[in-house]
Amino acid sequence: MFKNEHQVVKTDNLIYIHGTLSIDNQYLKDWHFLRHPVFISCTTMIRSQLKIAFRNFRKNITHSLLNLVGLTLGLTACFFIAIYVRDEYSYDRWVPQHEQVYRIGMDVKTQTNDNIRFAATSGNLARALMEYPQVNNTVRVFNYGNNGVISTSLQKQIPEQSIFFADSSFFEVLPYPLLAGDSRTALNDADGIVLTAEKAVKYFGYQSNASNWLNHSLDINGTHYRVTGVLKDIPFNTYFRPDFIISTVSVAHQQWFQQNTDNWHGTMVQTFIRLKPNVSVAAFEPQIRFIAYKYVGDEIKANGQVYTHFMQPLASIHLHSNLRYELSKNGDALYIRILSFIALFILLIAGINFVNLATARATTRAKEVGVRKVIGAQRGQLIFQFMLESCMMSSLAFIASLLLMLILLPAFNHVADKNFTLAALLAPGIIGAGLGISLIIGLLSGIYPAIILSGFSPSRIIQRYAWQRKANVLRNTLVVTQFSISILLIIATIVVYKQLQFMKHQDLGFNQSQVLVIPTAGNEARKQLPALAEKLRGQADVLSVSASSSIPGRDFGNNLLQLKNDHTKKTDTRLLTADDQFFRTYDIKLLAGRLCNMEVDTTGHPDIMINESALPFFGWRKPEEALGQEFDWGWGRICGVYKDFHFSSLQHGVTPMAIFYRPWSLAYISVKMDTRNAVATIAGIEKTWHTLIPGALFSYFFLDEDYNKQYLAEQRLGELFMIFSVLAIVIASLGLFGLASFTIEQRTKEIGIRKVLGASISGIVRLMSTDFLRLVIIAAAIAFPLAWWAMKSWLQDFAYRVPLNAWIFIIAGTGALLIAAVIVSAQAVKAALNNPVNSLRAE
């Protein structure tokens, strides 16, 4: 039956083996072990234990279902958060050898500004880094522009946004997989372009062989390109997700490109590097920290600036980088940590419920255990019985949570803005962790009553009062813990909601309502922009029309502005191009001077306007003092000063900003309109568009909706907080309901005696409720300081924030107290209304 390389001793029932044990294949094949007495005995015992477990479940169906539902909800919430957090931390880890890839960022500090952290750097940096032996290769990446229009022989003038330029070394640094084309040469040619399979299907139709897409032609803003590579569709968990990549060879000799890249003070490109294997980043990074000083150190010092370069691991950019000019909207490691804590809290609440109700219900089985011990049951058998029942319940909860996740997955994807599939839910790591957590909770809930009850003598078990006192202390501690967590989550939900509403409704310094924005993509649209704006101004229900290079809520450029007659007065300034209707369209107040002249300047002193936040940096106290002053390097002469407005979100303060007119930089049309007849007005705008720009796709959006997209992360956090806070309260309430009903059930005779002796219903309800409400008050006292510290820390990241008012804490504490009071009082009233005769008969 058994084989051993050393010595084997066989008997009918027992096998003693000296050495390594192995099972005979023939023995397994014939299934002889199924008839072995030991196996039969074990299976009989387990079957018997399962029957007892099922009978106990059916006997206490209400408490069993409460336990099951509470743990199922807790596990479901925990698993959803787990797959979300797992996805956020997985960004760019699919890229081959991502550990060797870094992005170079730059800190810029001036005499008048704090550090400004840029994701973009000088175009010269990549070439300079190649001089270091630790660097394998570098690549520069930068956005094509605000909008691009793509045309093919089949499709005409379709706007696209995810278009980028990249050096020919792109695939050596970021080896994204290709379906067709050669990664070594795909970006070598001036007319070369690489696009994703999704875009290839969109513009050239489906092909069973991806190579058939190669050498197809398309135009972007009138420039001809040839497909030299087709990317596999890039996973969503990727920081840089281009739809089109154009070779920088195509613009290498153009003046605008050379001026912006051959400049150590510019911030136009993102620079990625691949280090050679086994290079120590800790040793290499200090060598490049002040690399710019090697080339333009005198200029940097003369400008009173400090340039510091730093390295960011590719896989850390998504969660740990929120710099100026990011290629995509990043996540936030703080929010991920908060969600992780919420998952832990909810799991803790659900686990506490499960343990609480299991230990409470176990006390009712003291006599059962005593009887079983009298008739010969061993302690190990009793422990196994309790553990089996608990693990069976927790396993059922795990299975139910998986089914619930499948049902709720579309709704969760909508709230979390993700695209999780069934494969994400059934990932081995998630299934293994979920099953392990469920079994651990089952073991924890079963081990305490199993060990304590099975260790008592039969006579002591039947009396069981000492056991109950110890169990009460444990249960009370667990109730305080779960309500502390619930109250903390309620406070956090209220604060996040208030902060979000504050940011959405705060006075921004401009009017964003009733403004329709039209992106003007393509050369033809931009040529017709002045005529289009003029035509729209004459349309019914159109109040004003403006053209600008960007709009509130979207990114735009910056540069150092320095006074011409005093080089010590300088500051980093955000730069916006706009016409003279911009202030009327957005209701921005002019404090002094006039608007910019719309005529093309021929004097060498173009008009420029600044906001009031820029005044102190140049030593001016009043707006009038700035008028007529001139900036160096040809930026222009100040013609007006306007009131501050929040061009970006309220997470950041207002910084110095300048507005000037450059017709070739305009990219958006903003239309202030009367929205009472919005459908007809938009239809008229579209008709005017197609009249002037036939064949171009018309698209638009409303500014207020677009502006509030900046708060999507906070809005998503608020929604998740609300959902999981409600869930935490529901789970805690289920546990309290079960515990209260059990406790009152145990005191049935006491209630009957009190009624016989003249106690009123209200007095009994008050007596039964006091102990539980006292626990909730203790929980609030613990939760309040923790919540205050946590929310104060979170609000520090906002330049403008709501105060932490006392009423927030009062509402959270009172709400939890009312919920507990209703649950416990309902059970107490039900018991108090029972006939005392029936109560005294109950056992």
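On a predicted model such as this, the values are computed, not experimentally measured, just so you know. (Residues numbered from 1 in each chain as written. Predicted model: local features only at pLDDT ≥ 70, side-chain atom pairs only at ≥ 80, totals over all residues. Heavy atoms only, no water.)

Novice: Quick question: what am I supposed to make of the packing of helix α26 (residues 761-795) against helix α27 (residues 806-832) here?
Specialist: Viewed as axis vectors pointing N to C, α26 and α27 meet at an angle of 155 degrees, and their least axial separation amounts to 8 Å. It follows that α26 is roughly antiparallel to α27 by the angle criterion. At the point where α26 passes α27, the crossing takes the right-handed sense. From α26, I761, I764, V765, M768, S769, F772, L773, V776, I777, F784, A787 and W788 reach across to α27, where they touch F809, G813, A816, L817, A820, A821, V824, S825, A828, V829 and A832. (Axes fitted to C-alpha atoms, helices over the stretch in contact; angles between N-to-C directions. Helix = DSSP H or I, 4+ residues; strand = E, 2+ residues; numbered from the N terminus. Parallel < 35°, antiparallel > 145°, perpendicular 65-115°, else oblique. Left-handed = near helix turned anticlockwise from the far one by under 90°. Contact = heavy atoms within 4.5 Å.)

Novice: Help me understand the packing of aromatic side chains in this model?
Specialist: To describe a pair of aromatic rings, one takes the distance between the centres and the angle between the planes. This model, assessed by the stated rule, comprises 36 aromatic pairs. Ring geometry for F170 and Y176: centres 5.6 Å apart, planes at 85 degrees, overall edge-to-face. By the burial criterion, F170 is buried, and Y176 matches it. Each residue in the set F510, F556, F582, F583, Y586, Y642, F645, F647 and Y707 is aromatic and connected to the rest through ring pairs, giving one cluster. When the ring centre of F310 is taken as reference, the NZ or CZ atom of R117 above it lies at 4.3 Å. The ring of Y84 is capped by K418, whose NZ or CZ atom sits 5.2 Å from the centre of that ring. (Phe/Tyr/Trp six-rings, centres within 6.5 Å; stacked < 30°, edge-to-face > 60°. Buried < 20%, exposed > 50% of the residue type's maximum accessible area, 1.4 Å probe, protein only. Lys NZ or Arg CZ within 6 Å of the ring centre and 35° of its normal.)

Novice: It is not clear to me how empty space enclosed by the protein should be interpreted in this structure. Could you clarify?
Specialist: In this approach a probe as big as a water molecule rolls over the atoms, and the regions it shows empty are the leftover space. Applying the stated criterion across every chain, the model contains 3 cavities of 30 Å³ or more. Its volume calculated, the second largest cavity comes out at about 40 Å³. The wall of the second largest cavity is formed by V149, Q157, P159, P519, A521, W689, A696, L697 and S699. When its residues are assigned to classes, the lining of the second largest cavity shows 7 nonpolar, 2 polar and no charged. (1 Å grid on protein atoms, 1.4 Å probe; cavity = no way out; pocket = protein on both sides within 12 Å on 5 of 7 lines; lining within 4 Å. Points joined across faces, edges and corners; volume = space filled by probe spheres on them. Nonpolar A, V, L, I, M, F, W, Y, C, P; charged D, E, K, R; others polar.)

Novice: How should unusual backbone geometry be read in this particular structure?
Specialist: Leaving glycine aside, a negative phi is the common case for residues, and trans is the common case for peptide bonds. At N215, a residue that is not glycine, the phi angle is positive and equals roughly 70 degrees. As for its position among the elements, N215 is in the loop between α6 (197-204) and β13 (217-220). Positive phi outside glycine occurs at N278, with the angle close to 65 degrees. Considering the arrangement of structural elements, one finds N278 in the loop between β16 (270-275) and α8 (281-288). Relative accessible area serves as the criterion here: at 83%, N278 is assigned to the exposed category.

Novice: Which parts of the structure should I look at to understand the pairing of strand β23 (residues 607-611)?
Specialist: Put simply, side chains in a regular strand alternate between the two faces of the sheet. Summarising burial for β23: 5 of the 5 residues are buried, a large majority. Two strands pair when backbone bridges link them, and β23 and strand β25 (residues 636-642) are joined in this way by 5 bridges, in the parallel orientation. In the sheet register, N611 faces β25, and the bridge partner there is Y642. Inspection of the sheet shows β23 paired to strand β26 (residues 657-660) by 2 bridges, in the antiparallel sense. Its bridge partner lying in β26, I610 is registered against A658. (Pairing = 2+ DSSP bridges.)

Novice: Sorry if this is basic, but what is going on with the environment of S760 here?
Specialist: Relative to the assigned elements, S760 resides in the loop between α25 (748-756) and α26. S760 gets classed as partly exposed once you look at its relative accessible area, which sits at 39%. Taking C-alpha positions, S760 is 8.5 Å from A832, a pair spaced 72 residues apart along the chain.

Novice: I would appreciate a short explanation of the sheet that holds strand β18 (residues 515-519) in the present structure.
Specialist: As a general point, the strands of a sheet are linked pairwise by backbone hydrogen bonds and lie either parallel or antiparallel. Taking strand neighbours across the sheet as the criterion, the 4 strands line up as β19-β27-β18-β28 in an open arrangement whose pairing is antiparallel. With one partner strand each, in any of the chains shown, β19 (542-548) and β28 (701-702) form the two edges of the open sheet. Here β18 runs beside β28; their pairing, made up of 2 bridges, is antiparallel. If you follow L516 over to β28, its bridge partner there is F702. Across the face of the sheet, helix α19 (residues 529-537) comes into contact with β18, β19 and β27 (668-673) while running at roughly 165 degrees to β19. Packed onto the sheet, helix α22 (residues 678-692) meets β18, β19, β27 and β28 and runs at close to 25 degrees relative to β18.

Novice: Looking at this structure, how should I read the environment of F384?
Specialist: Relative to the assigned elements, F384 resides in helix α13 (residues 379-416). Taking the C-alpha atoms as reference, F384 lies 9.2 Å from I447; in sequence the two are 63 residues apart.

Novice: In this structure, what is going on with the pattern of salt bridges? I would like to understand it.
Specialist: Side chains that carry opposite charge are capable of pairing whenever their charged atoms lie near each other. The full count for this structure, using the stated rule, is 22 salt bridges. A salt bridge links R103 to E326, with the nearest nitrogen and oxygen atoms 2.8 Å apart. Of the two residues, R103 sits in strand β5 (residues 101-109) while E326 sits in the loop between α10 (317-320) and α11 (333-362), which places them 223 residues apart along the sequence. For the pair formed by R103 and E326, the shared burial category is buried. For D572, the salt bridge goes to R324, with nearest N and O atoms at 3.3 Å. Within this pair, whereas D572 is found in strand β21 (residues 570-577), its partner R324 is found in the loop between α10 and α11, the two being separated by 248 residues in sequence. For D572, a relative accessible area of 10% puts it in the buried group. Judged by relative accessible area, R324 falls into the buried class, the value being 17%. (Salt bridge = Lys/Arg side-chain N within 4 Å of Asp/Glu carboxyl O.)

Novice: What am I meant to see in the packing of α25 against α26 here?
Specialist: Helix packing for two helices is described by the angle between their axes and how far apart those axes are. With their axes 10 Å apart at the nearest point, α25 and α26 run at an angle of 145 degrees to one another. Seen from above, α25 lies across α26 with right-handed handedness. Within the contact between the two elements, α25 uses E750, I751, R754 and K755 and α26 uses I764, L767 and M768. Of the residues assigned to the contact of α25 with α26, the class counts are 4 nonpolar, no polar and 3 charged.

Novice: Help me understand the side chain of D243, please; the structure alone is not making it clear to me.
Specialist: Within the element layout of this structure, D243 appears in the loop between β14 (223-231) and β15 (244-247). For the buried residue D243, which engages in no salt bridge, the nearest side chain bearing the opposite charge is K199, 4.0 Å off. Beyond its immediate chain neighbours, meaning those up to four positions away, D243 contacts E160, S162, V194, L195, T196 and K199. (Lys, Arg positive; Asp, Glu negative; His and termini not counted.)

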